[in-house]
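Each chain, written out:
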Amino acid sequence: MKSILEISNVKIIPYIILFVSILFSISGQLLMKYTMSHTDEGILDWVFLQKLVLAVSVYCLGIVNWILALRSVKLSIAYPLTSLNYVGILFGSHYFFNEVITLTRIAGVITIFLGILLVVIPLKKSI
């Protein structure tokens, strides 16, 4: 009997770690944008530096999770999955910074997502 965390010989935990990496990466990028958008005081201001350190720290947590995920996930699968950052940034930019989501952007993200599916979904070997 297979464990709950194993589906068709694929262990789920490394993929969870990979998706956490993607979430940290998206969050870090959005925090960097927020920090840089609210710098009226100056770059060497203490409050600015604290926000920047937080943003970079969150982004670095994504890198650490990425390294951990690469222990078990094939790079040829993990790297294309990081393209999900585009989706997260698109919606995060709209939600937090009121950026407009155009039909062209949606078409681009759908194209990227379909490309990810083509790379990640394993094809059955023909016998």
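Structure shown above.
The sections below set out a description of the structure shown in this document. (Residues numbered from 1 in each chain as written. Predicted model: local features only at pLDDT ≥ 70, side-chain atom pairs only at ≥ 80, totals over all residues. Heavy atoms only, no water.)

1. What to know about the overall build of the protein
Working step 1: Helix and strand counts for the protein come out as five helices and two strands.
Working step 2: Sequence-ordered secondary structure for the protein, helices as α and strands as β, is β-β-α-α-α-α-α.
Working step 3: A burial count over the protein gives 24% of its 127 residues as buried.
Working step 4: In the protein, 67% of the contacts between residues at least 6 apart in sequence involve partners at least 24 apart.
Working step 5: On the protein, roughly 9400 Å² of surface is accessible, and the fraction owed to carbon and sulfur atoms is 70%. (Helix = DSSP H or I, 4+ residues; strand = E, 2+ residues; numbered from the N terminus. Buried < 20%, exposed > 50% of the residue type's maximum accessible area, 1.4 Å probe, protein only. Contact = heavy atoms within 4.5 Å. Areas by Shrake-Rupley, 256 points an atom, 1.4 Å probe, with all protein chains shown as cover.)

2. Quick notes on a nonpolar patch on the surface
Working step 1: A cluster of nonpolar side chains, Leu103, Ile106, Ile110, Phe113, Leu114, Leu117 and Ile121, forms an exposed patch at the surface whose accessible area comes to about 650 Å².
Working step 2: Structurally, Leu117 can be placed in helix H5 (residues 103-120). (Patch = residues over 30% accessible without salt bridge, like charges linked within 9 Å, V, L, I, M, F, W, Y side chains within 5 Å. Salt bridge = Lys/Arg side-chain N within 4 Å of Asp/Glu carboxyl O.)

3. Focus: the nonpolar core
Working step 1: Ranked by size, the top nonpolar core spans 12 residues in total: Leu18, Ile22, Ile26, Leu30, Trp66, Ala69, Val73, Ile77, Ala78, Leu81, Leu84 and Ile116.
Working step 2: Those elements that provide at least two residues to this core are helix H1 (12-37), helix H2 (46-69) and helix H3 (75-81).
Working step 3: For this core, the element with the highest residue contribution is H1, accounting for four residues.
Working step 4: Sequence-distant contacts of Leu81, defined by excluding residues within four places in its chain, comprise Tyr15, Leu18, Phe19, Ile22, Ile116 and Val120. (Core = buried A, V, L, I, M, F, W, Y, C linked by side-chain atoms within 4.5 Å.)

4. Concerning the environment of Pro80
Working step 1: Positionally, Pro80 belongs in helix H3.
Working step 2: On the accessibility criterion, Pro80 (17% relative accessible area) is buried.
Working step 3: Considered as a pair, Pro80 and Phe113 are 33 residues apart in the sequence and their alpha carbons are 9.4 Å apart.

5. Observations concerning the packing of aromatic side chains
Working step 1: Going through the model one piece at a time under the given rule, you end up with two aromatic pairs.
Working step 2: Ring geometry for Trp66 against Tyr79: centres 6.4 Å apart, planes inclined by 70 degrees, an arrangement best described as edge-to-face. Taken as a pair, Trp66 in helix H2 and Tyr79 in helix H3 lie far apart in primary sequence, 13 residues in all. (Phe/Tyr/Trp six-rings, centres within 6.5 Å; stacked < 30°, edge-to-face > 60°.)

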